[in-house]
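Understanding the architecture of this molecule
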Amino acid sequence: MTVYLDEVFLVNAAVNGLLLETSVRLTGGARSPGRLIGAAALGGVYAAAVWLPGLAGLASIPGQLAAWAGLCALCFGWRGSAWKSWLWFFGVCCGFAGLVLAAASLLRVPAVSGGGRVWYRVSGRLLIGCAVGLWGLCRLCLERFARHRGPELVSVRLELGGRAAVCTALRDNGNTLRDPFTGRGVPVVERRVLARLAPELGTEPSADAAALMDRLHGLRPELRTALLPYRAVGTDGGLLLGLYADRILENGKPVPARLVALSPTPVSDGGGYEALIPAD
């Protein structure tokens, strides 16, 4: 049997990329294209390496588990709640394997037995097709069913410096951000919302919270700001810019919270809400 390493690499890298992207979407974690592409390429290198002379042992169960852990660590990280993404990726891989097996049976792909195992002569097109199908199913169906509705969504009104902005917020159990002085939960709001209150912020995303705070102090010195450390799935953490609002209302009722954190990226994939508020 002739094995083309470039084809093995490309097919496995593409499949791994689709499965990793599916896992990221299902967990709602932060997306890092560089890490995802790097992890997908690592999977392609591993798949090609097992065919090289003297490296057949990489195909053993311990070798497969080591490769899976390497992909997860590179794509999702290994600190905090990253293990949830690891488990989701494992589940997605199992679903992909079941889908390939079902497709091979339906298409009557020839099987070869040996060493107590059964191998199907599936093509790269079939593998990529199954990965695309699983990715599309999760994106078009599962995400639609998982949209938050009803009492989890609330209307939030922010008031600052004589201006007001109203947005829809998700009551999120995963939002554990706290005001370091009061201990109260901190809503996380998209930049376009806070830009209605402080146009100086602009609407372009920026990950440099400290530089943004310095600029805001120069333009609006009367505003009270803070830097909040945070950590999210797939990231090593960082800082978020916080603004102290004059008043915050949830469904028309004032709440004790005053500090609002600025998210440099959208908080909702589907655009159904523009802020995350603590569940407590």
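Keep in mind it's a predicted model, so treat the numbers as computed, not measured.

Let us now look at the packing of helix α3 (residues 61-76) against helix α4 (residues 82-106). It is at 10 Å that the axes of α3 and α4 come closest, and there the two elements cross at 130 degrees. It follows that α3 is oblique to α4 by the angle criterion. The element α3 and its partner α4 pack so that their crossing is right-handed. Every residue of α4 that contacts α3 at Trp68, Ala69, Leu71, Cys72, Ala73 and Phe76 is listed here: Ala82, Ser85, Trp86, Phe89 and Phe90. Of the residues in the contact of α3 with α4, the class split is 10 nonpolar, 1 polar and no charged.

So, on to the pattern of salt bridges. Following the criterion strictly, the structure yields 7 salt bridges and no others. Here Arg192 ties to Glu274 by a salt bridge, and the two come within 3.2 Å at their closest N and O atoms. Here Arg192 is found in helix α6 (residues 191-197), whereas its partner Glu274 is found in the loop between β10 (259-263) and β11 (275-278), with 82 residues between them in sequence. Judged by relative accessible area, Glu274 falls into the buried class, the value being 13%. Taking the shortest distance from any N to any O, the salt bridge between Arg196 and Glu274 comes out at 3.3 Å. Of this pair, Arg196 sits in helix α6 while Glu274 sits in the loop between β10 and β11, and the two are 78 residues apart along the sequence. Sharing partners across several salt bridges, the network here consists of Glu190, Arg192, Arg196 and Glu274.

Bringing the sheet that holds strand β3 (residues 153-160) into the picture now. Spatially, the 9 strands line up as an open sheet ordered β6-β7-β10-β5-β11-β4-β3-β8-β9, and their pairing is mixed. Edge positions in the sheet fall to β6 (225-230) and β9 (253-254), since each has one partner strand and no second. One ladder, built from 6 bridges, connects β6 with strand β7 (residues 238-244); its direction is antiparallel. Across the sheet, the residue bridging to Pro229 is Leu239, located in β7.

Before going further, it helps to spend a moment on the environment of Ala41. Within the element layout of this structure, Ala41 appears in helix α2 (residues 33-49). Among the residues examined, Ala41 registers a relative accessible area of 28% and is labelled partly exposed. Along the chain, Ala41 and Ala14 lie 27 residues apart, while their C-alpha atoms are 8.3 Å from each other. Sequence-distant contacts of Ala41, that is, excluding residues within four places in its chain, are made with Phe9 and Ala13.

Here we take up the confidence of the model for the protein. Of all residues in the protein, 82% attain a pLDDT of 70 or more, and the chain-wide mean is 80. Per-element averaging of pLDDT across the protein places strand β2 (residues 117-120) at the bottom with 70 and strand β8 (residues 247-250) at the top with 89.

Where α2 contacts α3, the axes come no closer than 7 Å and their chain directions differ by 165 degrees. By the criterion of interaxial angle, the relationship of α2 to α3 is roughly antiparallel. In this structure, the crossing between α2 and α3 has a hand that is right-handed. Residues Arg35, Leu36, Gly38, Ala39, Leu42, Gly43 and Tyr46 of α2 touch α3, and the partners they reach there are Gly63, Gln64, Ala67, Gly70, Leu71, Ala73, Leu74, Cys75 and Phe76.

Cut-off values and rules
Residues numbered from 1 in each chain as written. Predicted model: local features only at pLDDT ≥ 70, side-chain atom pairs only at ≥ 80, totals over all residues. Heavy atoms only, no water. Axes fitted to C-alpha atoms, helices over the stretch in contact; angles between N-to-C directions. Helix = DSSP H or I, 4+ residues; strand = E, 2+ residues; numbered from the N terminus. Parallel < 35°, antiparallel > 145°, perpendicular 65-115°, else oblique. Left-handed = near helix turned anticlockwise from the far one by under 90°. Contact = heavy atoms within 4.5 Å. Nonpolar A, V, L, I, M, F, W, Y, C, P; charged D, E, K, R; others polar. Salt bridge = Lys/Arg side-chain N within 4 Å of Asp/Glu carboxyl O. Buried < 20%, exposed > 50% of the residue type's maximum accessible area, 1.4 Å probe, protein only. Pairing = 2+ DSSP bridges. pLDDT = per-residue confidence, 0-100.

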